[in-house]
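# Summary of structural features
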Amino acid sequence: MALISSDRLRFPCEPWKLVENIHVPGDEGTLETLFALGNGHLGIRGAHSTRGDGELPGTFINGFHEIWDIKHAENAYGFARTGQRIVYVPDANNFSVSIDGEALSLAESTVLDYHRSIDFATGVYEETTTWACRSGATVTTVERRAVGFDSRGCLGLELSVSADRDVSADISSGVVNRQDQPVEDHSVHDPRRSGRHAGRVLLPLHLQGADGSLRLAWETSESRQRVAMAVDHWISYEGQPFETAVAEDESSVRYVLAINAGQPFRLEKTVSYMVAGSAGDAEDRGEVLVAEAEANLVPFNEILAQSLAHYNTYWTTADVSIGGQPELQQAVRWAMFQLAQATARAGVAGIPAKGVSGSGYEGHYFWDQEVYLLPYLTYTNPDGARKVLESRHAMLPDARVRAKELSVDGALFPWRTINGLEASAYYAAGTAQFHIAAAIAFAATRYRWASADAGFESEVGADLLIETARMWASLGFFGKDGMFHIHGVTGPDEYTAVVNDNLYTNVMARFNLRAAASLENEGIADTERMVWRQAAERMSLPYDPHLEVFSQDNDFMTLEPWDWNTPRSKYPLLLNFHPLVIYRHQVLKQADTVLAMFLQWQDFSAEEKQRAFDFYDPITTGDSTLSACVQGIMAAEIGYGELALKHFTEALFIDLDNSHGNTIDGVHIASTGGIWSSLVCGFAGMRDQGDVLRFDPRLPSEWEDLAFRLKVQGRLLSVELSQGSMALGLVEAAGYSNEPLRVQVRDHGVTVGPGTVTVPLEAVPVPPTSVFPSSFPTAGLPIVGS
């Protein structure tokens, strides 16, 4: 059931905000994700701060994790040994307000008015509630939150309380260690959700507090990572806190005072987090890290200023505007806002599948970041894209060791990880997804092509391409047919596992081998280069001549079709059927072959793409949140405008409408990256890594226009698409070149400079859909019967 789009009284459509005007119990967990704040390093869920009013509140720091030994029921050589899971760091978003002895809460108190919002333009969360107290007083509380950007470990919280008469107030501000609170392990029923640790995770190192200030530090039990926090309070009334209490799982600062009518009480709470590996000095009990956290504290107003300044700059490049579609516009800006929150200050860490908005997928980094997030980062924040690729480069030593474990050369990157080690216990849908290697090579090549970063290849890029090419060359083999085969792999579609010659894997491996072979690098031997080129040119790409469609793998076309009368309550299939049941049927979790044809667009004809789309789109369940955006992009390219818009809208509201039922665990960040690609690569038809940047627009007929900007080879390119034309120009801005840029719009070569160049566009006809012969031309049973 839809959430945001179904109730516009509760969630009004505003172009630069997500707003909730009516509190309705039951959606707390989902809304905690939708109203979360983050900067790529630090994230805080959008939970109500009062005890009992939240479902899954918490704060996260990217990369801060605990480890444990994976216990396999039946062990085997090379299985992942060490699990990794993002840890809830102690959470400062806790306030309690009692008025004349009554504790205010949404669950128990009388609410006269309620309004909360998250502002995309400023990055500020604000919640205003007016309460009818049992004492007869009418009290209004206002909360504001923001995260720092220059000070990426800083969080600012503000609470103000006002009353229409004099009241007695008891106000507490707390820090809670949520990681070690008793909570149900939801992963038992849904592998997409985060599990829980059996024992205590955060061990106290340093606990100190006085006069409204808290200085606290903990260490994880097994990974030996440390987190420290400094917390200061300021109040608008004179006086000292009534009490400052410190404990390993809950610390608090309490104020007991009279609030006069018309004189609001305001409390500012500033927080600074610092994380580090285990201490080098055995005598250090966290004091050094606490001192660093304290030194990085900044006032609440400065945190607000940092957030405002960041988003002022961000939106000048990242905004994507859609004319005449206010609900889509709000949803797109929410998605772009989430992309900023997941990536802005990640530093040398990767980008978790949920960003820093929740604990889903254990906080791991997947191929998502290279295929779905790096396109957006490369063209809007190339410095951020480079940092992500640098984080992969830093994993190379562990990836080389992992390659040896699996008897291949070069480097084998983990399917899912935080610290660089493989953390996927189910190898069929984990380690077997070797295609992550090509995703990393592809992202590195795209960044090099788009960024004009002269030093990237020698510092980072060449190593990534060479080591992954070596892996492919040793993983595959030249068969008796003279073709190069890659067996025993799983492609992006996890409903077909451990197959031979998965088309997506082979297409991307071919790209990887070609890119590495083209490098001018003294570390590549002539014989090695020759093998790479031969493997690429002879790469086996399964094709079904009967259907005239590229087959997803060698055996896919022989599988039994799925029963499409299966009720919707049985989806996603992975939660309702044993993997072996799914594996033996012709059904997709994700548009595997279609994705290959999008990423390697120049390798397939228009007819090949259309027939593949027509065949695979109807048998794709959409159980993966990564699928709808890609299906929409290819539908747009083919000319299926209505279907493209349908898939795009489905992708756009995956989290806002909680359509997959697991938004509670965090934003599907890769899907939000796919939304950017849907707009830029789908409806604007952008394709890169050719001789020039290309556009083949497909603007939906219902839209007035579509506009965005791209950072391309040192320029800032403005793109404005309207019905019947496309306008391009270079934006004159500090730090960007005005050198002309060659692009291609359909069949027109265009030189773009500071002035606007407008290219007329003709409508694209809708092609007739493909007609397929029966998948099973000889039905065995009737023949036997005759």
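In this text the structure is predicted, and so the values were computed from the model without any measurement.

### So, the overall build of the protein chain
The helix and strand inventory of the protein chain stands at 18 helices and 34 strands. C-alpha atoms of the protein chain, sized along the principal axes, occupy 85 × 65 × 60 Å. Considering the protein chain as a whole, with its 786 residues, one finds that 61% of them fall into the buried category. Within the protein chain, contacts between residues at least 6 apart in sequence are counted, and of these 66% link residues at least 24 apart.

### What to know about the packing of aromatic side chains
Scanning the entire structure with this criterion turns up 31 aromatic pairs. Taking 5.7 Å as the distance between ring centres and 90° as the angle between the ring planes, the aromatic pair formed by Trp-367 and Tyr-372 counts as edge-to-face. When sorted by exposure, Trp-367 lands in the same class as Tyr-372, which is buried. When the centroid spacing of 5.2 Å and the interplanar angle of 85° are considered together, the rings of Trp-562 and Phe-577 count as edge-to-face. Of the two residues, Trp-562 sits in the loop between strand S25 (560-561) and helix H12 (579-583) while Phe-577 sits in the loop between S25 and H12, which places them 15 residues apart along the sequence. Taking the relative accessible area as the measure of exposure, Trp-562 reaches 7% and is therefore buried. Residue classification places Phe-577 among the partly exposed residues on the basis of a relative accessible area of 24%. Pairwise contacts between aromatic rings join Trp-16, Phe-120, Phe-149, Tyr-311, Tyr-314, Trp-315 and Phe-337 into one cluster. The side chain of Arg-116 reaches across the aromatic face of Phe-35, ending 4.4 Å from its centre.

### Side note on the sheet that holds strand S6 (residues 82-89)
Strand order in the open sheet formed by four strands is S3-S4-S5-S6, and the pairing between neighbours is antiparallel. Whereas interior strands pair on both sides, the edge strands pair on one side only; in this sheet they are strand S3 (37-38) and S6. Strand direction decides the pairing type here: strand S4 (residues 42-44) and strand S5 (residues 59-69), joined by three bridges, are antiparallel. Of the residues in S5, the one forming a bridge with Ile-44 is Thr-59.

### Details of a nonpolar patch on the surface
A contiguous nonpolar surface patch, about 250 Å² in accessible area, is contributed by Leu-9, Ile-22 and Val-24. Here Ile-22 lies in the loop between strand S2 (17-20) and helix H1 (28-34). Note on Ile-22: relative accessible area 35%, which makes it partly exposed.

### Brief notes about the packing of helix H13 (residues 592-599) against helix H15 (residues 627-638)
Two numbers describe how H13 lies on H15: the axes approach to 10 Å, and their chain directions differ by 60°. Taken as axis vectors, H13 and H15 run oblique relative to one another. In this structure, H13 meets H15 at a crossing whose hand is left-handed. In contact with Val-594, Leu-595, Met-597 and Phe-598 of H13, H15 contributes Val-630, Ile-633 and Met-634. Partitioning the contact of H13 with H15 into residue classes produces seven nonpolar, no polar and no charged.

### Looking at the sheet that holds strand S1 (residues 13-14)
Pairing is antiparallel across the open sheet formed by ten strands, whose spatial order is S1-S2-S9-S10-S11-S12-S19-S16-S15-S14. This sheet does not close on itself; its edge strands, each paired only once, are S1 and strand S14 (202-210). Pairing geometry for S2 and strand S9 (residues 110-119), over four bridges, is antiparallel. Bridging across to S9, Val-19 finds its partner in Ser-117.

### As for the environment of Leu-710
You can see Leu-710 is positioned in strand S29 (residues 705-712). The spacing of Leu-710 and Val-731 is 21 residues in sequence and 10.0 Å in space, taken between C-alpha atoms. Sequence-distant contacts of Leu-710, defined by excluding residues within four places in its chain, comprise Tyr-379, Trp-676, Val-680, Met-686, Leu-693, Phe-695, Arg-715, Leu-716 and Leu-717.

### Considering the environment of Pro-326
Within the element layout of this structure, Pro-326 appears in helix H4 (residues 326-343). Distance from Pro-326 to Cys-13, taken between C-alpha atoms, is 7.1 Å for residues 313 residues apart in sequence.

### Overview of helix H6 (residues 382-394)
Given a rise of 1.5 Å per residue, 13 residues ought to cover 18 Å, and the 18 Å separating the end C-alpha atoms of H6 matches this to within 8%. Here the buried face of H6 lies against helix H5 (368-380), helix H7 (396-405), helix H8 (436-451), helix H9 (456-475) and S29.

### Examining the side chain of Asp-119
With respect to the helices and strands, the residue Asp-119 is situated in strand S9. Despite its burial, Asp-119 pairs with no opposite charge, the nearest such side chain being Lys-17 at 4.3 Å.

### Quick look at helix H14 (residues 606-616)
Most of H14 sits out of view: eight of its eleven residues are buried. The set of residues buried in H14 consists of Lys-609, Gln-610, Arg-611, Ala-612, Phe-613, Asp-614, Phe-615 and Tyr-616.

### A word on the side chain of Asp-319
With respect to the helices and strands, Asp-319 occurs in the loop between helix H3 (300-318) and strand S20 (321-322). Among the polar contacts made by the side chain of Asp-319, one reaches the side chain of Arg-333 at a distance of 2.9 Å. For Asp-319, the residues in contact, after removing those within four places along its chain, are Trp-16, Arg-333, Ala-707, Phe-708 and Arg-709.

### A short note on the nonpolar core
Counting 211 residues, the largest nonpolar core has Trp-367, Phe-695, Leu-706 and Leu-710 as the members making the most contacts within it. Ranked by the residues each element gives to this core, the list is headed by H8, at twelve residues. Counting seven residues, the second-largest nonpolar core is a separate cluster that includes Cys-154, Val-298, Ile-303 and Leu-304.

### Observations concerning the pattern of salt bridges
Scanning all chains against the criterion turns up 44 salt bridges. One salt bridge connects Arg-226 with Asp-284, and the closest N-O pair in it is separated by 3.6 Å. One end of the pair, Arg-226, is in strand S16 (residues 226-235); the other, Asp-284, is in the loop between strand S19 (265-276) and helix H2 (287-295), with 58 residues separating them in the sequence. Accessibility expressed as a relative area gives 9% for Arg-226, which makes it buried. With relative accessibility at 11%, the residue Asp-284 sits in the buried group. A cluster of three or more residues bridged by salt bridges with shared partners is formed by Arg-10, Glu-20, Asp-27 and Arg-116.

### Thoughts on the pairing of S2
Both S1 and S2 contribute to a ladder of two bridges, which runs antiparallel. When the sheet's bridge partners are listed, Glu-14 is paired in S2 with Lys-17. Taken together, S1 and the strand that follows it, S2, pair antiparallel across an intervening segment of two residues.

### Here we look at unusual backbone geometry
Residue Tyr-571 is joined to Pro-572 through a cis peptide bond whose omega torsion reads -5°. With respect to the helices, strands and loops of the structure, Pro-572 is situated in the loop between S25 and H12. Phi at Ser-407 is positive, roughly 60°, even though this residue is not glycine. With respect to the element layout, Ser-407 can be found in the loop between H7 and H8. On the basis of relative accessible area, Ser-407 is assigned to the exposed category, the value being 63%.

### Here's the deal with the environment of Met-726
Relative to the assigned elements, Met-726 resides in strand S31 (residues 725-730). A relative accessible area of 0% means that Met-726 is categorised as buried. A sequence separation of 31 residues divides Met-726 from Phe-695, and the C-alpha atoms of the two residues are 9.3 Å apart.

### Let's talk about the confidence of the model for the protein chain
Residues of the protein chain with pLDDT of at least 70 account for 96%, and the chain-wide mean is 94. Scored below 50 in pLDDT, residues 777-786 shows two contacts in the model against residues more than four places distant or in partner chains.

Basis of the calculations
- Residues numbered from 1 in each chain as written.
- Predicted model: local features only at pLDDT ≥ 70, side-chain atom pairs only at ≥ 80, totals over all residues.
- Heavy atoms only, no water.
- Helix = DSSP H or I, 4+ residues; strand = E, 2+ residues; numbered from the N terminus.
- Buried < 20%, exposed > 50% of the residue type's maximum accessible area, 1.4 Å probe, protein only.
- Contact = heavy atoms within 4.5 Å.
- Phe/Tyr/Trp six-rings, centres within 6.5 Å; stacked < 30°, edge-to-face > 60°.
- Lys NZ or Arg CZ within 6 Å of the ring centre and 35° of its normal.
- Pairing = 2+ DSSP bridges.
- Patch = residues over 30% accessible without salt bridge, like charges linked within 9 Å, V, L, I, M, F, W, Y side chains within 5 Å.
- Areas by Shrake-Rupley, 256 points an atom, 1.4 Å probe, with all protein chains shown as cover.
- Salt bridge = Lys/Arg side-chain N within 4 Å of Asp/Glu carboxyl O.
- Axes fitted to C-alpha atoms, helices over the stretch in contact; angles between N-to-C directions.
- Parallel < 35°, antiparallel > 145°, perpendicular 65-115°, else oblique.
- Left-handed = near helix turned anticlockwise from the far one by under 90°.
- Nonpolar A, V, L, I, M, F, W, Y, C, P; charged D, E, K, R; others polar.
- Expected span 1.5 Å × (residues − 1).
- Lys, Arg positive; Asp, Glu negative; His and termini not counted.
- Polar contact = N/O pair within 3.5 Å; in protein donor to acceptor, adjacent residues only side chain to side chain.
- Core = buried A, V, L, I, M, F, W, Y, C linked by side-chain atoms within 4.5 Å.
- pLDDT = per-residue confidence, 0-100.

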